[in-house]
Structures are given as C-alpha cells and as structure tokens.
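As a plain string of letters, each chain reads:
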Amino acid sequence: MDTDPNDGAEATQAARVEHRPEDGQYLVELDGHTAYLNYELRGRTMVLTHTAVPTEFEGRGIGGALVKFVLDDVRSRGLVVVPVCPFVRSVIRDNPEYRDLVNFDDPGARD
C-alpha cells in the first residue's frame, strides 16, 4: 500500500486515472503496473472498499493521488462516501477538505 497519501503531483502528471464503473473500480496504469481503488455504489453512496498500490509505486504519492481523484469525482457527482478502506480513511483524515463527503451515519465510515 502507498505510504504517502499526501502529494501525488507525480502521479497526476505521469498517469491517467481510468474509471471502470462496470467493475466498480478506478485504476492507474503506469510503467506496466496497476494501482486501483475498488468501490460499491449504493444509491447516492459510494462505499470505498479497498485500495491496492504495487510496491513499485510506493513513496511516489500515486495511491494518495488516486484516492483524491476518486473523492473529487464523488464530489462532482453529488455523492457521499463510506471509507471502509483504511488507506482512504487516512487520506481523508490528512485532507480535511474531503470530510464533508463522508457519510458518518454508516458504521463503516468510523475508525
């Protein structure tokens, strides 16, 4: 898992995030490797279930950039999130501008 959930500038410049709604997934492919974030859409709530970042991406901010892309997309679509994935929770915790997207009424949103 990516250990730097903060910057991600390199990721946004070097890779493009692809949304695959049919698979419930956002992904980044770069240098022959893939990072992804899985989700389940439940009405107007996107449950963010799992983030996977290959070791080749660690320390490059790609995981954090992927999560921020997803959260920005959620905001633009007028949805809320339940951050089941611990990495997603850490990005939201470190970036309070995303806290308004969290459905705190769902038990899965709590640490």
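Residues numbered from 1 in each chain as written. Predicted model: local features only at pLDDT ≥ 70, side-chain atom pairs only at ≥ 80, totals over all residues. Heavy atoms only, no water.

### Some remarks on the sheet that holds strand β1 (residues 17-20)
Strands belonging to one sheet form pairs held by backbone hydrogen bonds; the direction of such a pair is parallel or antiparallel.
Item 1. Spatially, five strands are ordered β1-β2-β3-β4-β5 in an open sheet, and the strand pairing comes out mixed. Because the sheet does not close on itself, it has two edges, and the strands there are β1 and β5 (80-83). For this sheet the average axis-to-axis angle between neighbouring strands, irrespective of direction, equals 25°.
Item 2. Along the sheet, helix α2 (residues 62-76) contacts β1, β2 (25-30), β3 (33-42), β4 (45-52) and β5; its crossing angle with β2, the most-contacted strand, is approximately 140°.
Item 3. Helix α3 (residues 86-94) rests against β3, β4 and β5 of the sheet, and its axis sits at about 120° to β5. (Pairing = 2+ DSSP bridges. Helix = DSSP H or I, 4+ residues; strand = E, 2+ residues; numbered from the N terminus. Axes fitted to C-alpha atoms, helices over the stretch in contact; angles between N-to-C directions. Contact = heavy atoms within 4.5 Å.)

### Topic: the pairing of β5
Item 1. The sheet contact formed by β4 and β5 spans four bridges and is parallel. The partner of Leu 48 across the bridge, within β5, is Pro 83.
Item 2. Between the parallel pair β4 and β5, the chain is carried across by α2, and the sense of this crossover is right-handed. (Right-handed = clockwise from strand over helix to strand, strands pointing away.)

### Thoughts on the packing of α2 against α3
Between two packed helices, both the angle of their axes relative to each other and the distance between the axes serve to describe the pair.
Item 1. One way to put it is that α2 packs onto α3 with a least axis distance of 10 Å and a crossing angle of 80°. In terms of orientation, α2 and α3 fall into the roughly perpendicular class. Listed contacts from α3 to Gly 63, Gly 64, Val 67, Lys 68 and Leu 71 of α2 are Phe 87, Val 88, Val 91 and Ile 92.
Item 2. Across the contact of α2 with α3, the residue classes tally to six nonpolar, two polar and one charged. (Parallel < 35°, antiparallel > 145°, perpendicular 65-115°, else oblique. Nonpolar A, V, L, I, M, F, W, Y, C, P; charged D, E, K, R; others polar.)

### A closer look at the confidence of the model for the protein chain
Item 1. Mean pLDDT over the protein chain works out to 86, with 82% of the residues at or above the 70 mark.
Item 2. Within the protein chain, the lowest mean pLDDT, 49, falls on helix α1 (residues 9-14), and the highest, 97, falls on β4.
Item 3. Counting contacts from residues 1-13, a segment whose pLDDT is below 50, to residues more than four positions away or on other chains yields 34 contacts. (pLDDT = per-residue confidence, 0-100.)

### Quick word on the pattern of salt bridges
Item 1. Scanning the entire structure with this criterion turns up five salt bridges.
Item 2. Where Glu 40 meets Arg 42, a salt bridge forms, and the shortest distance between an N and an O atom there is 2.6 Å.
Item 3. By relative accessible area, Glu 40 is classed as partly exposed at 37%.
Item 4. Looking at Arg 42, the relative accessible area reads 47%, which means it is partly exposed. (Salt bridge = Lys/Arg side-chain N within 4 Å of Asp/Glu carboxyl O. Buried < 20%, exposed > 50% of the residue type's maximum accessible area, 1.4 Å probe, protein only.)

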